[in-house]
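# Structural characterization, general
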Amino acid sequence: MLVLFACVEEKKATKTVSADKQSMFNQDIRTHYFKTLDSAAYYIQKVDTLKALDENKANFLKSREWYKRAEPMLIAYDYENYLSMNAPNLLKVEIDDYTDIKVMKPKSYQVLEELLYAEDGFENKNVEYVIQYLKVRIPYIRKNHILIRQMDRHHLKMLRDAIVNVATKGITGFDSPMLANSLNEAIFNYETIKEIVDIYEQAFTSKELYQSWVKEIDNTISDLKAGDFDTFNRYHFIKNHTNIQLALINDTAEDWNIKLNTSRNLNSTADNLFNKDFFNIKKFAPPRSPEISEERVALGRMLFNDKSLSSTGNISCASCHNKDKAFTDGLKKAQGEGNVELQRNTPTLTYAVYQKAMFYDGRATGLEDQIVNVVNNENEFHMDLDKMEQRIQSDPKYTVQFDSLYNGKINNRNARHAIATYIRSLAPFDSKFDRNMQGHEETLTDEEISGFNLFMGKAACATCHFPPAFNGTVPPKYMESEFENLGVPQNASFEHPILDEDPGQYFPYKVEEKRNFFKTSTVRNVALTAPYMHNGVYNSLEEVIQFYNVGGGQGMGLDVPYQTLPADSLNLSENEINDVISFMKTLTDNQFIEIGEDIND
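Report follows, based on the coordinates. What you see is a predicted model; the values in this text were computed from it and never measured.

## Some thoughts on the overall build of the chain
- Helix and strand counts for the chain stand at 22 helices and four strands.
- Expected size for 601 residues packed as a compact globule is a radius of gyration near 25 Å; at 26 Å, the chain falls within 12% of this value.
- With the principal axes as the frame, the chain shows a C-alpha extent of 95 × 60 × 55 Å.
- For the chain, the proportion of its 601 residues judged to be buried stands at 55%.
- Long-range contacts, defined here as pairs at least 24 residues apart, represent 67% of the contacts in the chain between residues at least 6 apart.
- Of note, the chain has its 66 positive side-chain charges centred 7 Å away from the centre of its 87 negative side-chain charges.

## Thoughts on the state of the cysteines
- Within the structure shown, the criterion is met by zero disulfides.
- Left without a disulfide partner, C461 is nearest to the cysteine sulfur of C464, which lies 9.0 Å away.
- For C464, a relative accessible area of 19% translates into the label buried.

## Examining the packing of helix α13 (residues 367–376) against helix α16 (residues 412–424)
- α16 packs onto α13 with a crossing angle of 115° between their chain directions and a minimal axis gap of 9 Å. The interaxial crossing formed by α13 with α16 has right-handed handedness. On the side of α13, the interface is formed by L367, E368, D369, I371 and V372, while α16 contributes R416, H417, I419, A420, I423 and R424.
- Per-class residue counts for the contact of α13 with α16 are six nonpolar, one polar and four charged.

## Digging into the environment of Y109
- Take Y109: it is sitting in helix α5 (residues 109–116).
- Given the relative accessible area of 0%, Y109 is considered buried.
- Expressed as a C-alpha distance, the spacing of Y109 and R301, which sit 192 residues apart in the sequence, is 48 Å.
- Among residues more than four places away in sequence, those in contact with Y109 are A40, I44, F60, S63, R64, Y67, M85, L134 and I138.

## Looking at the nonpolar core
- Core analysis: the largest hydrophobic core is formed by 120 residues, its most contacted members being F433, F455 and M584.
- Excluding anything up to four places from it in sequence, M584 contacts F455, V523, V526, L541 and I545.
- In terms of nonpolar packing, the next biggest core, distinct from the first, is built from 38 residues, F304, L367, F402 and I423 among them.

## Some details on unusual backbone geometry
- The omega angle of the peptide bond from F507 to P508 is 5°, so this bond is cis rather than trans.
- Within the secondary structure, P508 is located in the loop between β3 (483–484) and β4 (518–519).
- For the bond running from A530 to P531, omega is 0°, close enough to zero to count as cis.
- Position of P531 among the secondary structure elements: in the loop between β4 and α19 (541–549).

## Structural notes on the packing of helix α2 (residues 26–45) against helix α3 (residues 53–77)
- The contact between α2 and α3 brings their axes to 8 Å, and the two run at 155°. Taken together, the axes of α2 and α3 are roughly antiparallel relative to one another. Where α2 crosses over α3, the handedness of that crossing is left-handed. Counting all contacts with α2, which are made through I29, H32, Y33, K35, T36, L37, S39, A40, Y43 and I44, the residues of α3 involved are N59, K62, S63, W66, Y67, R69, A70, M73 and L74.
- Here the contact of α2 with α3 is composed, by residue class, of 11 nonpolar, five polar and three charged.

## Overview of the environment of N89
- For N89, the position within the fold is in the loop between α4 (79–85) and β1 (92–97).
- On the basis of relative accessibility, which here comes to 36%, the residue N89 falls in the partly exposed class.
- Separated by 493 residues in the primary sequence, N89 and S582 have C-alpha atoms spaced 31 Å apart.
- Here N89 is in contact with P106, V111 and E114, once residues within four sequence places are set aside.
- Within the local environment of N89, its side chain forms a polar contact with the side chain of E114, the two groups lying 3.3 Å apart.

## Quick word on the pattern of salt bridges
- Counted by the stated rule, this structure contains 30 salt bridges.
- In this structure, K62 and E65 form a salt bridge, with 3.5 Å as the shortest nitrogen-oxygen distance. Here the residue K62 and the residue E65 both occupy positions in helix α3, the gap between them amounting to three residues, near one helical turn.
- Assessed through its relative accessible area of 29%, K62 is described here as partly exposed.
- With a relative accessible area of 15%, E65 lands in the buried category.

## A look at the side chain of Q245
- Summarising the element assignment, Q245 is placed in helix α10 (residues 234–256).
- The buried category is assigned to Q245, whose relative accessible area is 0%.
- Among the polar contacts listed, one links the side chain of Q245 to the side chain of Y190, at a separation of 2.6 Å.
- In this structure, Q245 is in contact with I163, Y190, W213, E216 and T220, ignoring residues within four places of it in sequence.

## Things to note about α13
- α13 sits mainly inside the fold: seven of its 10 residues count as buried.
- Along α13, the residues classified as buried are L367, E368, Q370, I371, V372, V374 and V375.
- Buried residues in α13 make contact with α14 (385–393) and α16.

## Considering a nonpolar patch on the surface
- Residues L91, I95, I101, V103 and Y562 make up a contiguous nonpolar surface patch of roughly 350 Å² in combined accessible area.
- With respect to the helices, strands and loops of the structure, I101 is situated in strand β2 (residues 100–104).

## Section: the packing of aromatic side chains
- The full count for this structure, using the stated rule, is 44 aromatic pairs.
- Measuring from centroid to centroid gives 5.9 Å for F174 and F466, while their planes differ by 65°, and the two rings are edge-to-face. Taken together, the residues span a long stretch of sequence, with F174 in the loop between α7 (152–168) and α8 (182–199) and F466 in the loop between α18 (446–455) and β3 at a distance of 292 residues. Comparing F174 with F466, the two get one shared label, buried.
- The positively charged end of R363 is found above the aromatic ring belonging to F359, 3.8 Å away from the centroid.

## Considering the pairing of β2
- Two elements, β1 and β2, share five bridges in a ladder whose sense is antiparallel. Within β2, the position partnered with K92 by the bridge is M104.
- Hairpin connection between β1 and β2: a loop of two residues separates the two successive antiparallel strands.

## Describing the side chain of S182
- Turning to its location among the elements, S182 is positioned in helix α8.
- Under the relative-accessibility criterion, S182 is labelled buried at 1%.
- Apart from residues lying up to four places away in sequence, S182 is in contact with G170, I171, T172, G173, S176 and F229.

Conventions and cut-offs
- Residues numbered from 1 in each chain as written.
- Predicted model: local features only at pLDDT ≥ 70, side-chain atom pairs only at ≥ 80, totals over all residues.
- Heavy atoms only, no water.
- Helix = DSSP H or I, 4+ residues; strand = E, 2+ residues; numbered from the N terminus.
- Rg over C-alpha atoms; globule rule 2.2 N^0.38 Å.
- Buried < 20%, exposed > 50% of the residue type's maximum accessible area, 1.4 Å probe, protein only.
- Contact = heavy atoms within 4.5 Å.
- Lys, Arg positive; Asp, Glu negative; His and termini not counted.
- Charge placed at Lys NZ, Arg CZ, Asp CG, Glu CD.
- Disulfide = S-S within 2.5 Å.
- Axes fitted to C-alpha atoms, helices over the stretch in contact; angles between N-to-C directions.
- Left-handed = near helix turned anticlockwise from the far one by under 90°.
- Nonpolar A, V, L, I, M, F, W, Y, C, P; charged D, E, K, R; others polar.
- Core = buried A, V, L, I, M, F, W, Y, C linked by side-chain atoms within 4.5 Å.
- Parallel < 35°, antiparallel > 145°, perpendicular 65-115°, else oblique.
- Polar contact = N/O pair within 3.5 Å; in protein donor to acceptor, adjacent residues only side chain to side chain.
- Salt bridge = Lys/Arg side-chain N within 4 Å of Asp/Glu carboxyl O.
- Patch = residues over 30% accessible without salt bridge, like charges linked within 9 Å, V, L, I, M, F, W, Y side chains within 5 Å.
- Areas by Shrake-Rupley, 256 points an atom, 1.4 Å probe, with all protein chains shown as cover.
- Phe/Tyr/Trp six-rings, centres within 6.5 Å; stacked < 30°, edge-to-face > 60°.
- Lys NZ or Arg CZ within 6 Å of the ring centre and 35° of its normal.
- Pairing = 2+ DSSP bridges.

Distances and angles like these do not, on their own, reveal function.
If you want it as structure tokens, here you go:
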């Protein structure tokens, strides 16, 4: 009788979700997390330079498989170790000040992959350097985990971040540059997503919703298994899997009666990777900034076009950032006061809001900070902030706007905020490509879809120009913007190139490992923003793609010690290059369509 009673009581003990308490599923998720880490550690322990190469390769692949199963939980609950374990084979430079500069070699799965599969072989000491780190680090991660007090909303956010990560980085080759094993590794991610959904099965009020998850994940894995890296239809994958899964996240939050955190860089309720609301634009502005409104945008537009804010009254922001050229100027290098040639090409301001650093060398941390640099530059506005403030105060047309929008406080801080707010409005996500991804139309040609798939795959564009902004701000958390050394030449000759002398991020700290590094800009509206690169060396997109196709500066035979772009050829055919360009031309915002058509004509 007692045994029977105990069984009945056990059956009654069900787990439920909660909006404000620790998750009842933490133990189950932690058990799966430990299983993945223990398995990754088990196989990496078997990698030994005294063993045969084939055996080491097999154990590496098994360890990495289990790491990929752990990855969704690492991203959510141990992001710094995720970045370390998944780091590309590039030097990392950390600069605190002139006396504290650290240059560190990565010790990650990506590095180990490139060593074990290098055509020219490897030195055992380099492999030992990496495997000894991983052999220690994985158990350390397990021992020092923080998967203890999470709520159900945290686990649902984990699923969301994992879905975004696969679509924006996982299927691009970013993680597996040597083997292009990205589709298989995406499967391992989705197997963990399925495991978490299964753990939560009894929490679903709607069993149909749970079954929708199971069916969708099974279909996703099936498509990934059937795919080949070079030919995989990433357009179909994102439109028919990623976006559906983001909608399922919202349905699940409603089913569980919970709300996801709204204080992150991504909008937790966006159900489409290419919707305007995918990003949480508030997080790309200084803390406690006034709300973005049409009125503040209008004020910012007035200030943006006001030449009186420069010392001579001859130039405004719009002098270099011309709306008719997608907020560029069409010049090889920008021209400042008195037509003085400035150091670099003028980048577009469209989608600049979704960058974590400004200028090609990243010397400004945000749009408001960038404006300070422009105002103070002797070849640009050549004005100090106090004088700029005084000129605005003396202009009666601004009085009413500042009275209603900034409580009558006409100061440089509010003026800079208004201009920055206008720039933040220049990211509508309404291009032909966006409208197709959003399901508003079906107008993309086969060549344009092929171009997107190449951009996201074989052509390796998306390993630096991450969707959906197609700039260097890194998913899945979009907390930092990347800088690259491409070996850009100062002349457009592919036969006799000369390396550009612009030091890029070398200054102000004089770090040799940062020489020739420049920010990865957006390729949105690229059809209107020629000439290209930081120095305007290329006049056509065909030249730009050819530059990447031959392997950048190193691929052309230049001495570029710290080039981040692989020097081997992409082996893109002429048709493939044309397809990539066709896709990039679909990224023209709706307001510029007529301008783009005139250029094409």
